[in-house]
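Here are the chains, one letter per residue:
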Amino acid sequence: LVLGYSAQMPVDSAPLLPAGEEGCHAVDVADEHHGGRAADQAKHVCSVGLGGCVANLVLAVLGAGQLVLPYALSQLGLGFGLVALLAFGVLSIHSCYTLSVYELHFRPDPPGGPPACIESYAELVTRVLGRLGSTVCAALLAMYAWGGALSFLVILKGELGSLTGLDGGLCLTAVATLFIFPLSSCKDLSALKPTAPLGCAAAIFITVVVLLSTRWSWEAPLGAAVCRGPAGSDAGGTGSLRWLPSSMTSLAASLPLLSFALNSSWAYIPILCTLKDRRPVRYASLIAGSNAVILANYVLIAAYGYGMFCEETEPNILDSLGGAAAPGTTVEVLVRLARGALAAQLSLALPMRFFVARRTVGAGVSSLFGRVLLSASLVGSATFLAVLPLSLALVLGVTSSVCASMIIYILPALVDLKFRVDDPLIPRSLRLAGSAVSLLVGLFVMIGGLAGNFLGIAVGGR
């Protein structure tokens, strides 16, 4: 989990990155009242090599959002879904590249001084769009943190129920009350930073489990037996392989799921701050390298997860695997290990989600009573909704329709189309054309995604 923060937030709410390679905060050489803190922060600016930054961005993006990608392909179709996944990956690359251009345009390294940078996505948008940008970013951060936490609670409920054999809602309530809520009320959660890589590790392990569970063969189009469940199971047919979306409703409702999984824009700015030698070719390599790894992982889990279960794919691919794996088989053991790793990672990531939401909603709340009351409201409301029979695809779809569309597509495109600065690497006209496309896609994901998800409820969609 990596989230951006507003410029007013203190150092203890820095983005979660691997220990020893934290993203640095902005260093304002003109603000002498920062004193020693600015000097300490300057050590981290331009302090990490290209390979380390690529690894950090991959760690920031890979996570529980990939669990819904096989389900997204079951709604979009294998052919259209993979094309859409790659196209959204290209738009994510364009978003990060545009942010790089304006990051260096509005805050270049000062001549003769230490290297400096804008510290977060929120600060960059605020610097460019003013008070309106600050308000929009604060609202997006609160919605994204709380909505993402609700999505993760829905996942955690299923994992705890499968692991314990007890009611998932009761297990979730116990974990939220005894573990997530107390940590969310703390003044400082910097001790959880070393656990950040667990999300990426769990995501890669789940992809490996999906690949090991596949019935490999020479059959077209995937080189594996399709629609027949995992290896070692006696499951019958699970429908047929679809190449195109079944309806406009399923298309509109599923595209936000791709956006949620591919949101590297929010975490990108603080990681760019740490990059040594921020020449255009260097940050272009950072963006291309990290997104190539992310897309490769997503294509594998989406294609082969969907290929196993076709029309019967669940919103959480582990639910599909767990329900079909024969007891005592290797697949069943691997799925249980994956569920355990995912449950542990989410339990550690959720307090930070609620911490961010609390710090954003109650920026002026510092007393113990205020922190506890606000945390209880945020954790309690999300837990109450998660216990209800809500679909993971619905919760993620609604959250992504608003937040991911704004963060990845709409805000960077508006910044680019408003200022139109020169680009040292790509012709400005080509970049602006990409921003226009990104803006249109973002508006469709937002409006169509909300309509498709709520219409899906009305027609009984999963």
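Student: Quick question: what am I supposed to make of the overall build of the protein chain here?
Tutor: Each helix and strand counted, the protein chain has 16 helices and 0 strands in total. By residue count, 56% of the 462 residues in the protein chain fall in the buried class. For the protein chain, long-range pairs separated by at least 24 residues make up 81% of all intrachain contacts whose partners lie at least 6 apart in sequence. Carbon and sulfur atoms make up 68% of the accessible area of the protein chain, which totals about 17400 Å².

Student: When you look at the state of the cysteines in this model, what are you seeing that I'm missing?
Tutor: Structurally, a disulfide amounts to a covalent bond that connects the sulfur atoms of two cysteines. Summed over all chains, the structure comprises 1 disulfide. Linked covalently through their sulfurs, Cys 227 and Cys 310 form a disulfide whose S-S length is 1.8 Å. Measuring the twist about the S-S bond at about -80°, one finds the Cys 227-Cys 310 disulfide to be left-handed. One end of the pair, Cys 227, is in the loop between helix H8 (197-213) and helix H9 (248-261); the other, Cys 310, is in the loop between helix H11 (280-309) and helix H12 (317-324), with 83 residues separating them in the sequence. Cys 227 sits in the buried class, given a relative accessible area of 6%.

Student: Help me out: how do you make sense of the confidence of the model for the protein chain in this one?
Tutor: If pLDDT is low for a region, its predicted coordinates should not be looked at in detail. Summarising the model, the protein chain shows a mean pLDDT of 84, and 86% of its residues fall at 70 or more. In the model, residues 1-41 has pLDDT below 50 throughout and makes 95 contacts with residues more than four positions away in sequence or in other chains.

Student: Mind showing me how you'd approach the pattern of salt bridges here?
Tutor: Pairs can form between side chains of opposite charge once their charged atoms are near each other. Per the stated rule, a full pass over the model turns up 8 salt bridges. In this structure, a network of salt bridges that share partners links the residues Glu 159, Asp 319 and Arg 339.

Student: I'm lost on the packing of aromatic side chains in this one. Help?
Tutor: If you walk through the whole model with that rule in mind, you get 5 aromatic pairs. In this structure, Arg 353 packs its charged tip against the face of Tyr 144, placed 5.4 Å from the ring centre.

Student: Please explain the packing of H8 against H11 as it appears in this structure.
Tutor: Helix-helix packing: each pair is described by the crossing angle between the helix axes and the interaxial distance. Two elements in contact, H8 and H11, have axes whose closest approach is 9 Å; the angle formed by their N-to-C orientations is 40°. By the angle between their directions, the pair H8 and H11 is classed as oblique. Where H8 crosses over H11, the handedness of that crossing is left-handed. Between H8, through Ile 204, Ile 206, Thr 207, Val 210, Leu 211 and Ser 213, and H11, the contact on the second element is made entirely by Asn 297, Leu 300, Ile 301, Tyr 304, Gly 305 and Met 308. When its residues are assigned to classes, the contact of H8 with H11 shows 8 nonpolar, 4 polar and no charged.

Student: Can you walk me through a nonpolar patch on the surface in this structure?
Tutor: A contiguous nonpolar surface patch, about 310 Å² in accessible area, is contributed by Phe 80, Trp 243 and Leu 244. Judged by its relative accessible area of 57%, Leu 244 falls in the exposed class.

Student: I keep staring at unusual backbone geometry and nothing clicks. Help me out?
Tutor: The step from Ala 220 to Pro 221 runs through a cis peptide bond, and the omega angle for that step is 5°. You can see Pro 221 is positioned in the loop between H8 and H9. Notably, Cys 227 is not glycine yet its phi reads approximately 65°, a positive angle. One non-glycine residue, Arg 420, adopts positive backbone phi at about 50°. Relative to the assigned elements, Arg 420 resides in the loop between helix H15 (392-419) and helix H16 (428-458).

Student: Sorry, what's going on with H15 here?
Tutor: Every α-helix carries 3.6 residues per turn, so stepping three or four residues along brings you back to the same face. Between its first and last C-alpha, H15 extends 38 Å over 28 residues, near the 40 Å set by a 1.5 Å rise per residue. Along its length, H15 shows its largest kink, about 55°, at Met 406. Across the 28 residues that make up H15, a large majority, 23, are buried. Between the side-chain oxygen of the N-cap and the backbone nitrogen of Ala 393 there are 3.2 Å, and the N-cap of H15 in question is Ser 391. Arg 420, located one to two residues past H15, shows a positive phi value of around 50°.

Student: Got a minute to help me understand the environment of Pro 424 in this structure?
Tutor: Mapped onto the fold, Pro 424 is located in the loop between H15 and H16. A residue is classified by how much of its surface remains accessible, and Pro 424, at 59% relative accessible area, is exposed. Along the primary structure Pro 424 and Arg 279 are separated by 145 residues, whereas in three dimensions their C-alpha atoms are 9.4 Å apart. Once residues within four sequence positions are removed from consideration, Pro 424 is found in contact with Pro 280 and Tyr 283.

Student: Mind showing me how you'd approach the environment of Val 281 here?
Tutor: Checked against the element boundaries, Val 281 lands in helix H11. On the basis of relative accessible area, Val 281 is assigned to the partly exposed category, the value being 46%. When the C-alpha atoms of Val 281 and Leu 425 are compared, they prove to be 7.5 Å apart, with 144 residues separating the residues in sequence.

Student: For this particular structure, what's the right way to read the nonpolar core?
Tutor: Within soluble globular proteins, side chains that are nonpolar generally end up buried alongside one another. Membership of the largest hydrophobic core comes to 129 residues, with the highest contact counts inside it found for Tyr 121, Leu 258, Tyr 268, Tyr 298, Leu 321 and Phe 354. Per-element tally for this core: the top contributor is H15, with 14 residues. Non-local contacts of Tyr 121, meaning those with residues more than four positions away in its chain, are made with Leu 99, Cys 137, Ser 265, Trp 266, Ile 269, Met 406, Ile 407, Leu 411 and Pro 412.

Student: Sorry, what's going on with the side chain of Gln 75 here?
Tutor: Within the secondary structure layout, Gln 75 lies in helix H3 (residues 69-76). Polar side-chain contacts of Gln 75 include one of 3.3 Å to the side chain of Ser 74.

Student: What is the right way to read the environment of Ala 303 from this model?
Tutor: Its place among the elements puts Ala 303 in helix H11. Along the sequence, Ala 303 and Tyr 71 sit 232 residues apart, while their C-alpha atoms lie 10.0 Å from each other. The contacts of Ala 303, once residues within four sequence positions are left out, are Leu 73, Leu 78, Leu 82 and Leu 222.

Student: Please clarify how the side chain of Ser 185 should be interpreted in this entry.
Tutor: Within the secondary structure layout, Ser 185 lies in the loop between helix H7 (168-184) and H8. Ignoring any residue separated from it by four or fewer positions in sequence, one finds Ser 185 in contact with Arg 358, Arg 371, Val 372 and Ser 375.

The rules behind these values
- Residues numbered from 1 in each chain as written.
- Predicted model: local features only at pLDDT ≥ 70, side-chain atom pairs only at ≥ 80, totals over all residues.
- Heavy atoms only, no water.
- Helix = DSSP H or I, 4+ residues; strand = E, 2+ residues; numbered from the N terminus.
- Buried < 20%, exposed > 50% of the residue type's maximum accessible area, 1.4 Å probe, protein only.
- Contact = heavy atoms within 4.5 Å.
- Areas by Shrake-Rupley, 256 points an atom, 1.4 Å probe, with all protein chains shown as cover.
- Disulfide = S-S within 2.5 Å.
- pLDDT = per-residue confidence, 0-100.
- Salt bridge = Lys/Arg side-chain N within 4 Å of Asp/Glu carboxyl O.
- Phe/Tyr/Trp six-rings, centres within 6.5 Å; stacked < 30°, edge-to-face > 60°.
- Lys NZ or Arg CZ within 6 Å of the ring centre and 35° of its normal.
- Axes fitted to C-alpha atoms, helices over the stretch in contact; angles between N-to-C directions.
- Parallel < 35°, antiparallel > 145°, perpendicular 65-115°, else oblique.
- Left-handed = near helix turned anticlockwise from the far one by under 90°.
- Nonpolar A, V, L, I, M, F, W, Y, C, P; charged D, E, K, R; others polar.
- Patch = residues over 30% accessible without salt bridge, like charges linked within 9 Å, V, L, I, M, F, W, Y side chains within 5 Å.
- Expected span 1.5 Å × (residues − 1).
- Bend = angle between axes of the 7 residues up to and from the residue.
- Polar contact = N/O pair within 3.5 Å; in protein donor to acceptor, adjacent residues only side chain to side chain.
- Core = buried A, V, L, I, M, F, W, Y, C linked by side-chain atoms within 4.5 Å.

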